[in-house]
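Structural description and commentary
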Amino acid sequence: MSKSNKTLLIGINLGDAGSTGTIMRNSFEYAKENGEYDYLIIVPKSEGKPNTFEYMGEGYTILHKLDRHLFHRSLHNPDGFFGRRTTKRIINKIKEKCCEYENIIVHLHNIHMANIDLRILFKYLSKEHQIKKVFYTLHDLWSFTGGCYWFEREKCEKWKTGCKGKCIKNCGKKCFSTAKNLKLKSKYTHLLKDKLTFCPVSKWCDNLLKQSVLGDIPSVVVEGECNIKGIDYKDTALKETLGIKESEKVLLTVDGWKGYECLDEFVKNIPDGYKFILISGGNKKYQSEKVIQIGRVNNFLLPIFFSITDCFVSLTQEDNLPLTIMEAQNCGVPVVGFGQNGTPEEIIEGVTGTMVGKDNNVMKLIEAIKFVVEKKPYKKEDIIKNGQKFAKMSSAKRMFKIYNGLNL
């Protein structure tokens, strides 16, 4: 049987939907529609999307649980070094596709917590001649640390020199110190060096990558994208439903759990005359009459919430390129947040919002919010224009150019 002359894109990720799954799927679908590409997405558990292979079926889930409980492997082995059976199943699926396609590109996204053994997977990818290129999108910092996804809050710099010594966040396992973990990550990632290109989603992450043990591997920044647009009306019915008076100003944040202790302090100091909508804020319940807590909201409903919002509050202290800031700006909502991680790459200071420094000073944040809400210094059209830099398919189009630039 002759092999297809198209290039097959294989994506490996934690899921085939959600934020990272959608970015991955968008890039593949765009490539398929605009070039000579097919695609396959490999995930531990599928949400039933097309072109998806679920590598942890029921039988493998049972084996995995037995492995964990009988042999305590997950207690001994950290993320990235556990899941021998499931990793072999992934490889077998790729081998199956090698029989159908001459040229294959593998695009890794979030692969931590996915029961994949990097030693087996990366060794195979490095040797399989039909795999011409491997891309690795960095949605967090896990790939070049001894186990953690973020380290900014702790001001840790051990990742620069091999994560030696006692880990501030206690990321080590019984048989795997953080130093050994990072040493193995570096060793097996470097097996791919001739094929591999990192794709950090922010310049901030790219700068950290270059300082790490993987800093000698090529990288290209591929920013994330937003899949929602604003609506042209203010949904006053929603305000009534939520019990918000017309005279009250509305603040909103999404994924407030990323704000940690700042969220508690912020809730205590919300000014009079303001209501704070907290979407998907973890399990903690706030008793304040100024707080309206809502569980997860589907993307198609978010623009309705943004339509009644006077200011989006970004409390995040650990994020690569916060998707929620893109979403707010796409809907014309000004943003106030801490100026750390990838946030300064999204907000145009004094045009679409304001940042109050990296010291997580909540009182400064509140003063900035009052200024933005009461003075209304920013034009809605300027905010939307900036948000459009991260519009749906913007990342997909950039990735398509990168795929096409390869000399296969």
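First, a word on what this report is: a plain description of the structure on this page.

With that out of the way, let us pick up the overall build of the protein chain. Along the backbone of the protein chain there are 14 helices and 12 strands. Taking 2.2 N^0.38 as the reference for a compact globule, 408 residues should give roughly 22 Å; the C-alpha atoms of the protein chain span a radius of gyration of 22 Å, in line with that estimate. Expressed as lengths along the three principal axes of its C-alpha atoms, the size of the protein chain is roughly 70 × 50 × 40 Å. Classification of the 408 residues of the protein chain by burial places 56% in the buried group. Taken as a whole, the protein chain presents about 18700 Å² of accessible surface, with 50% of it coming from carbon and sulfur. Between the mean site of the 63 positive side-chain charges and the mean site of the 47 negative ones, the protein chain shows a separation of 7 Å.

This part is about the pairing of strand S4 (residues 101–108). Here S4 lies mainly inside the structure; 7 of its 8 residues are buried. Two strands pair when backbone bridges link them, and strand S1 (residues 4–12) and S4 are joined in this way by 7 bridges, in the parallel orientation. Along S4, the bridge assignment pairs Ser4 with Tyr101. With 5 bridges joining them, S4 and strand S5 (residues 131–138) adopt parallel strand pairing. Following the sheet pairing, Ile104 is matched in S5 by Ile131. Each parallel crossover has a hand, and for S4 linked through helix H5 (residues 118–127) to S5 it is right-handed.

Ordered in space as S9-S8-S7-S10-S11-S12, the 6 strands form an open sheet in which the pairing is parallel. Each of the sheet's edge strands pairs with one partner strand only, and the pair in question is strand S9 (291–294) and strand S12 (353–355). Adjacent strand axes in the sheet meet at a mean angle of 20° when their direction is disregarded. Here strand S8 (residues 274–279) pairs with S9 via 4 bridges, running parallel. Bridged to Leu278 within S9 is Gln293.

A few words on helix H12 (residues 362–375). In this model H12 runs 20 Å from its N-terminal to its C-terminal C-alpha over 14 residues, within 8% of the 20 Å that 1.5 Å per residue would give. Three or more residues of H12 are buried, namely Val362, Leu365, Ile366, Ala368, Ile369, Val372 and Val373. Across the axial projection of H12, the buried residues extend over an arc of 165°, all falling on one side. Each element contacted by the buried residues of H12 is listed here: strand S7 (249–254), helix H9 (261–268), S8, strand S10 (311–314), strand S11 (335–337) and S12. Two to three positions downstream of the cap, the backbone nitrogen of Met363 sits 3.1 Å from a side-chain oxygen, assigning the N-cap of H12 to Asn361. Count one or two residues on from H12 and you reach Lys376, which has phi positive near 45°.

Here we come to the sheet that holds strand S3 (residues 52–54). In spatial order, the strands read S3-S2-S1-S4-S5-S6; together these 6 strands make up an open sheet with parallel pairing. Two strands in the sheet have a free side with no partner beyond their single neighbour: S3 and strand S6 (196–200). Between one strand axis and the next, the sheet turns through 20° on average, direction left out of account.

Okay, the pattern of salt bridges next. Under the definition given, this model contains 17 salt bridges. A salt bridge links Lys169 to Glu154; its shortest N-O distance comes to 3.9 Å. A residue pair is termed long-range when its members are at least 10 positions apart, and Lys169 in the loop between S5 and helix H6 (178–189) and Glu154 in the loop between S5 and H6 qualify at 15 residues. Residue Glu154 is classed as partly exposed on the basis of its relative accessible area of 24%. Within the structure, one salt-bridge network assembled from shared partners comprises Arg153, Glu154, Lys169 and Glu318.

Bringing the side chain of Asn26 into the picture now. Note on placement: Asn26 falls in helix H1 (residues 18–34). Non-local contacts of Asn26, meaning those with residues more than four positions away in its chain, are made with Glu225, Asn227, Lys392, Met393 and Ala396.

Let us look at unusual backbone geometry. One non-glycine residue, Asn341, lies in the positive phi region at around 55°. Along the chain, the position of Asn341 falls in the loop between S11 and S12. In this structure Asn341 comes out as buried when scored by relative accessible area, which is 7%. Although it is not a glycine, Lys376 adopts a positive phi angle of roughly 45°. Tracing the backbone shows Lys376 in the loop between H12 and helix H13 (380–387). Classification of Lys376 by relative accessible area gives exposed; the value is 53%.

Conventions and cut-offs
- Residues numbered from 1 in each chain as written.
- Predicted model: local features only at pLDDT ≥ 70, side-chain atom pairs only at ≥ 80, totals over all residues.
- Heavy atoms only, no water.
- Helix = DSSP H or I, 4+ residues; strand = E, 2+ residues; numbered from the N terminus.
- Rg over C-alpha atoms; globule rule 2.2 N^0.38 Å.
- Buried < 20%, exposed > 50% of the residue type's maximum accessible area, 1.4 Å probe, protein only.
- Areas by Shrake-Rupley, 256 points an atom, 1.4 Å probe, with all protein chains shown as cover.
- Lys, Arg positive; Asp, Glu negative; His and termini not counted.
- Charge placed at Lys NZ, Arg CZ, Asp CG, Glu CD.
- Pairing = 2+ DSSP bridges.
- Right-handed = clockwise from strand over helix to strand, strands pointing away.
- Axes fitted to C-alpha atoms, helices over the stretch in contact; angles between N-to-C directions.
- Expected span 1.5 Å × (residues − 1).
- Arc of directions from axis to C-beta.
- Contact = heavy atoms within 4.5 Å.
- Polar contact = N/O pair within 3.5 Å; in protein donor to acceptor, adjacent residues only side chain to side chain.
- Salt bridge = Lys/Arg side-chain N within 4 Å of Asp/Glu carboxyl O.

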